[in-house]
Amino acid sequence: MNDTGSYDAGQARFTKFEEMSPNSRSFFLRTVGKMEAGALRAAIFTLISTAIGAGCLTLPLVFYRQGIILGFILLVSACCCSFMGIMNITTAAENFKVFEYSDLILNVLGKKWKLLFDNVLILYVIGTLIGYQVMVGNFVPSIFDSLNINFEPNIERVIIMVGANVLIMAPLGVMRTLTSLRFMSIVSALTLLYIALLIICEFPFFNRHNSYDNVHIFDVNLSIISSFNICLYAFTCHTNVAQVYKELNNKNLRRMGKVARRAMLTVLIPFSILALFGYLSTLSHTPNLIIMRRAPAAISNDWLMVIARILMSITLVIAVPINIPPCRKCIIKTWLRNNDEHPPNTLHYGVTLALLGVTLLVAIFFQGILIVFSILGGFCCGLIVLVIPSFLKVKTEKYEDKSWKAIGLRVGSVSLFLLGTTGAILSVIGID
């Protein structure tokens, strides 16, 4: 046999394989093959990793407050709203060939809308940082308690939060580039997957002692608005949508629709499982954050859940500095009117340390994590996910101002936004 001829034939087959279109490849190769930049799976994973965050830890409480059926309806509704927002942004990006959300708003809706978006984005990131700091202050003392290391609770909490800021968050936060920490999105997703699997696996231990006579199925009450806000916050990934679409190979609306549907469905399934089994495990004892639940009666110290708290604490401590750069950039450009690509060190360090200091102080004296998530979901996400994408859709499709489509999109999105903001206000004053 001619080895050279065999090698050439093999190379030809390999080249032909490499040039195959995605649709001609087998399901196995499309599912587990190498993930290239701009590939469908890469785009799906980016949206998933952006959407999945610590907010999903409050979803079992949504099922407790609203019941299993209504809670699931709220989850699906938030998922659908998120999907429509993604597609409205994508449609505008494709039509105007602008692939950065803030610039897209400026080009399509004008300066006032961009200014609104920039300020909402700053508030959104600051609120998220406050929420993360509050959770770090809750998780780490509980870890010490499991190790029989006990101090005065309030002092211990403050020391931990200040220490995390001084030793980790501030040194990482002042860095101008954090590309080396991009892997943390994978760590965060894996951590939440571990928590969901752990809740499922430990459910039989709770099931032995639980009575489901009074399980909530469908409860309509004032907290329904706040619960929807929390669900919407859990599905938010829209600031990255235009950029994801820009990087997508062979991009078109149909292909991006496939990305959005698969991403949202991939997020909805584990969120639903986490909410359902988390609630059925703890019932009336469901905590604000499910990983703070009590241990099963048969387990004196739930070390697997302690590990989950450790992993989540590490993820949150690193997530704080990762979220600082976009907020810092927006503050410097929007509030301080400095458009330099590389602002002076004094400005760079000053804004970074101010962000950390303000969010730390708020987190020390205010521990209402549900209120934080309700405000973020109702007000910030209401604008980022519902209102702005709907107004972009109206401009993109060039609907007449008095057409039923234009009126429906505008009135519907603004109504949901006002409803969500009302729910956030009710949470703040404590009557939800």
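Criteria and thresholds
- Residues numbered from 1 in each chain as written.
- Predicted model: local features only at pLDDT ≥ 70, side-chain atom pairs only at ≥ 80, totals over all residues.
- Heavy atoms only, no water.
- Helix = DSSP H or I, 4+ residues; strand = E, 2+ residues; numbered from the N terminus.
- Rg over C-alpha atoms; globule rule 2.2 N^0.38 Å.
- Contact = heavy atoms within 4.5 Å.
- Areas by Shrake-Rupley, 256 points an atom, 1.4 Å probe, with all protein chains shown as cover.
- Lys, Arg positive; Asp, Glu negative; His and termini not counted.
- Charge placed at Lys NZ, Arg CZ, Asp CG, Glu CD.
- Buried < 20%, exposed > 50% of the residue type's maximum accessible area, 1.4 Å probe, protein only.
- Phe/Tyr/Trp six-rings, centres within 6.5 Å; stacked < 30°, edge-to-face > 60°.
- Axes fitted to C-alpha atoms, helices over the stretch in contact; angles between N-to-C directions.
- Parallel < 35°, antiparallel > 145°, perpendicular 65-115°, else oblique.
- Left-handed = near helix turned anticlockwise from the far one by under 90°.
- Nonpolar A, V, L, I, M, F, W, Y, C, P; charged D, E, K, R; others polar.
- pLDDT = per-residue confidence, 0-100.
- Expected span 1.5 Å × (residues − 1).
- Patch = residues over 30% accessible without salt bridge, like charges linked within 9 Å, V, L, I, M, F, W, Y side chains within 5 Å.
- Salt bridge = Lys/Arg side-chain N within 4 Å of Asp/Glu carboxyl O.
- Polar contact = N/O pair within 3.5 Å; in protein donor to acceptor, adjacent residues only side chain to side chain.

Provide a residue-level description of the overall build of the protein, including the pertinent values.
From N to C terminus, the protein includes 16 helices and 0 strands. Its C-alpha atoms give the protein a radius of gyration of 23 Å, near enough to 22 Å, the size a compact globule of 432 residues would have. In terms of its C-alpha atoms, the protein occupies a principal-axis envelope of roughly 70 × 65 × 50 Å. When contacts within the protein are restricted to residue pairs at least 6 apart in sequence, those whose partners lie at least 24 apart make up 81%. Element-wise, carbon and sulfur atoms account for 64% of the exposed surface of the protein, whose accessible area totals about 20800 Å². A distance of 6 Å separates the average location of the 35 positive side-chain charges in the protein from that of its 23 negative side-chain charges.

Please provide a residue-by-residue account of the environment of G382, values included.
Within the secondary structure, G382 is located in helix α15 (residues 369-397). Here G382 falls in the buried class, since its relative accessible area comes to 1%. In the structure, G382 is positioned 153 residues away from N229 in sequence and 8.3 Å away in space, judged by C-alpha atoms. Residues in contact with G382, not counting those within four places in the same chain, are L232, G377, V387 and F417.

Just give me the short version of the packing of aromatic side chains, but keep the residues and values in it.
Applying the stated criterion to the full structure yields 9 aromatic pairs. Considering the side-chain rings of F379 and F417, the 5.6 Å spacing of their centres and the 45° angle between planes classify their relative orientation as tilted. Of this pair, F379 sits in helix α15 while F417 sits in helix α16 (residues 404-429), placing them 38 residues apart in sequence. The exposure class assigned to F379 is partly exposed, which follows from its relative accessible area of 26%.

Got a sec to walk through the packing of helix α8 (residues 153-173) against helix α13 (residues 303-335)? Specific residues and values, please.
α13 packs onto α8 with a crossing angle of 40° between their chain directions and a minimal axis gap of 8 Å. Put simply, α8 runs oblique to α13. Crossing geometry of α8 relative to α13 is assigned as right-handed. Between α8 and α13, the contacting residues are A164, I168, M169, L172 and G173 on the first element and V317, I318, V320, P321, I324 and R328 on the second. A per-class count over the contact of α8 with α13 returns 9 nonpolar, 1 polar and 1 charged.

Lay out the confidence of the model for the protein in plain terms, naming residues and giving numbers.
For the protein, per-residue confidence averages 89 on the pLDDT scale, and residues scoring 70 or more make up 91% of the total. In this model, residues 4-20 is a region of pLDDT below 50 whose contacts with residues beyond four sequence positions or in other chains number 2 contacts.

An account of helix α12 (residues 253-282) is needed here, citing residue identities and associated values.
With 30 residues, α12 extends 43 Å between its outermost C-alpha atoms, agreeing within 8% with the 44 Å of an ideal straight helix rising 1.5 Å per residue. Phi for L283, located one or two positions after α12, is positive at around 50°.

Describe a nonpolar patch on the surface, and please don't skip the residues or the numbers.
A grouping of F45, I186, L190, L193, L197 and I200 is seen on the molecular surface, where their side chains present a nonpolar patch of about 500 Å² in accessible area. Per-element tally for the nonpolar patch: the top contributor is helix α9 (residues 184-207), with 5 residues.

Give me the lowdown on the packing of helix α4 (residues 59-66) against helix α10 (residues 223-234), citing residues and values where you can.
To characterise two packed helices, one gives the angle between the axes of the helices and the distance between these axes. Closest axis-to-axis distance for the α4/α10 pair is 10 Å, and the angle between their directions is 155°. Taken together, the axes of α4 and α10 lie roughly antiparallel to each other. Crossing angle aside, the handedness with which α4 passes α10 is left-handed. From α4, L59, V62, R65 and Q66 reach across to α10, where they touch S223, I224, S226, S227, I230 and C231. Split by residue class, the contact of α4 with α10 holds 5 nonpolar, 4 polar and 1 charged.

Could you give me a rundown of unusual backbone geometry, with the residues and numbers involved?
Although it is not a glycine, N148 sits at a positive phi angle of roughly 60°. Position of N148 relative to the elements: it lies in the loop between α7 (111-146) and α8. Using a relative accessible area of 67% as the deciding quantity, one classes N148 as exposed. Its identity is not glycine, yet L283 carries a phi of approximately 50°, on the positive side. Residue placement: L283 occurs in the loop between α12 and α13. On the accessibility criterion, L283 (13% relative accessible area) is buried.

How would you sum up the side chain of S226? Please name residues and give values.
Its location among the elements puts S226 in helix α10. Using a relative accessible area of 1% as the deciding quantity, one classes S226 as buried. A polar contact is formed between the side chain of S226 and the side chain of S427, at a distance of 3.2 Å. With residues near it in sequence (within four places) discarded, S226 still touches R65, S374, G423, S427 and D432.

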